[in-house]
Amino acid sequence: LRGAVTMLSALGLYSSVLEPRLLAETEAFYAAEGRDLVNDCISAGSGEPGATAVGECLRHAEQRLGDESRRASAMRLEAGTCRALVRHTEMNLIGRHVSSLLSAGFDAMCDSRRLDDLARLHRLLALIPSNNGSGSTSNKGDSASAVEWPLRDALSAYTKSRATAMVLDESRQDSMVQSLIDLKERLDEAISESFSGDSVLAAAVKDSLESAVNSRPTSNKPAELVARYLDAALRGQSVVSAKPAGASPGKAAAASDASPPPSKQKLTEDELERLIDRALVLFRCLQGKDV
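Residues numbered from 1 in each chain as written. Predicted model: local features only at pLDDT ≥ 70, side-chain atom pairs only at ≥ 80, totals over all residues. Heavy atoms only, no water.

### Quick look at the packing of aromatic side chains
Item 1. For the structure on display, the rule yields one aromatic pair.
Item 2. For the pair Phe29 and Tyr30, a centre-to-centre distance of 5.0 Å together with 80° between the ring planes defines the contact as edge-to-face.
Item 3. Since its relative accessible area comes to 43%, Phe29 is described here as partly exposed.
Item 4. By relative accessible area, which is 1% here, Tyr30 ends up buried. (Phe/Tyr/Trp six-rings, centres within 6.5 Å; stacked < 30°, edge-to-face > 60°. Buried < 20%, exposed > 50% of the residue type's maximum accessible area, 1.4 Å probe, protein only.)

Listed below in structure tokens is the structure:
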């Protein structure tokens, strides 16, 4: 192949024959493969099967991008051709299917703390330009990578959905504060470990959490529960935990909005200080603090 590329270049046929045909074939190949991969993700359904399928799709896309770069280098293609080949791969495996991929597996990946898959998603979306191939360009008024917008919206929706369910479930009021603390801790971990500390995503979590904890417009109950929680912690009492005794962090995090029955645990001094800091984050989100 390298010899054929050299010959066509020598004959002056690289730009007029080789490059257009190579790009067209690459576009068609990855367009078909991208559709098949996304259909597999959708067919897998929601929850863990969907998260697994999306994770496999992301790993495949990352592998394909590496393969295309190495192949283009080995064939000694021109730099412009190399960039175009990689761009076709990115757009057809990821860029044109961002919404479908996020819908199929994002929530479940957050629930089960699939930090590696979330990091891979973040890296791949960062490659996609603001114009995602649909003919429309981001109108967010920001020059940042397009990664922030679809991922921000998905993270906002996830945070608000999970937190609102906790706040509105009156049957689990005793574990509400701890459940919210666990959720915030899990989201902070994802932002730090998977999303490179992205400030846009961190702000999305903060805003969504604030909206959720104030989702009882005619009741100060969340504020009352947070105040009681802080009071109990400051008095050195056992605090209610949504995590069952002996549960691993991964299993406890995967519980999301379907937390197990609460249990009471005596905390160490370091754990208590950390817990108070987390509870104060919730307290600052509350609009009705006069309890």
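That shown, we press on.
### Focus on the environment of Asp117
Item 1. If you trace the backbone, Asp117 turns up in helix 6 (residues 115–126).
Item 2. Taking the C-alpha atoms as reference, Asp117 lies 8.1 Å from Arg59; in sequence the two are 58 residues apart.
Item 3. Not counting chain neighbours up to four residues away, the residues in contact with Asp117 comprise Gly55, Leu58, Arg59 and Met109. (Helix = DSSP H or I, 4+ residues; strand = E, 2+ residues; numbered from the N terminus. Contact = heavy atoms within 4.5 Å.)

### Notes on unusual backbone geometry
Item 1. Of note in the backbone geometry, Arg113 takes a positive phi value of approximately 55° without being a glycine.
Item 2. Mapping Arg113 onto the fold places it in the loop between helix 5 (98–111) and helix 6.
Item 3. Of note, Ser196 is a non-glycine position whose phi angle comes to about 55°, a positive value.

### Examining a negative patch on the surface
Item 1. Side chains of Glu269, Asp270, Glu271, Glu273 and Asp277 sit close together on the surface and give a patch of like negative charge.
Item 2. Looking at Asp270, the relative accessible area reads 60%, which means it is exposed. (Patch = residues over 30% accessible without salt bridge, like charges linked within 9 Å, V, L, I, M, F, W, Y side chains within 5 Å. Areas by Shrake-Rupley, 256 points an atom, 1.4 Å probe, with all protein chains shown as cover. Salt bridge = Lys/Arg side-chain N within 4 Å of Asp/Glu carboxyl O. Lys, Arg positive; Asp, Glu negative; His and termini not counted. Charge placed at Lys NZ, Arg CZ, Asp CG, Glu CD.)

### A word on the environment of Arg228
Item 1. Take Arg228: it is sitting in helix 10 (residues 221–234).
Item 2. Spatially, the C-alpha atom of Arg228 lies 9.7 Å from that of Val177, the residues being 51 residues apart in sequence.
Item 3. A distance of 2.4 Å separates the side chain of Arg228 from the side chain of Glu224, its partner in a polar contact. (Polar contact = N/O pair within 3.5 Å; in protein donor to acceptor, adjacent residues only side chain to side chain.)

### Points about empty space enclosed by the protein
Take a probe with the size of a water molecule and roll it over the atoms, and the empty space left behind shows itself.
Item 1. Following the criterion strictly, the structure yields two cavities of 30 Å³ or more and no others.
Item 2. What the second largest cavity holds in volume is close to 40 Å³.
Item 3. Lining the second largest cavity we find Met109, Cys110, Arg113, Arg114, Leu115, Leu118, Arg186, Leu187, Glu189 and Ala190.
Item 4. Of all the elements in the fold, those that place two or more residues in the lining of the second largest cavity are helix 5, helix 6 and helix 8 (173–193).
Item 5. Grouping the amino acids of the lining of the second largest cavity by side-chain chemistry returns six nonpolar, no polar and four charged. (1 Å grid on protein atoms, 1.4 Å probe; cavity = no way out; pocket = protein on both sides within 12 Å on 5 of 7 lines; lining within 4 Å. Points joined across faces, edges and corners; volume = space filled by probe spheres on them. Nonpolar A, V, L, I, M, F, W, Y, C, P; charged D, E, K, R; others polar.)

### A look at the environment of Leu286
Item 1. Relative to the helices and strands, Leu286 resides in the segment after helix 12 (269–285).
Item 2. Once the C-alpha coordinates of Leu286 and Asn220 are considered, the two residues, 66 residues apart in sequence, prove to be 8.9 Å apart.
Item 3. Leave out the neighbours within four places in its chain, and Leu286 touches Val213, Asn214, Pro222, Ala223 and Val226.

### Describing the pattern of salt bridges
Item 1. Going through the model one piece at a time under the given rule, you end up with 22 salt bridges.
Item 2. The shortest N-O distance in the salt bridge between Arg21 and Glu25 comes to 3.1 Å. Of this pair, Arg21 and Glu25 both sit in helix 2 (residues 14–44), four residues apart, which is roughly one turn of that helix.
Item 3. The class for Arg21 is exposed, based on a relative accessible area of 57%.
Item 4. Given a relative accessible area of 45%, Glu25 falls into the partly exposed group.
Item 5. Here Arg228 ties to Glu224 by a salt bridge, and the two come within 2.4 Å at their closest N and O atoms. With Arg228 and Glu224 both in helix 10 and four residues apart, this pair spans about one turn of that helix.
Item 6. Each of Glu48, Arg59, Glu62, Arg114, Asp117, Arg120 and Arg123 takes part in one network of salt bridges that share partners.

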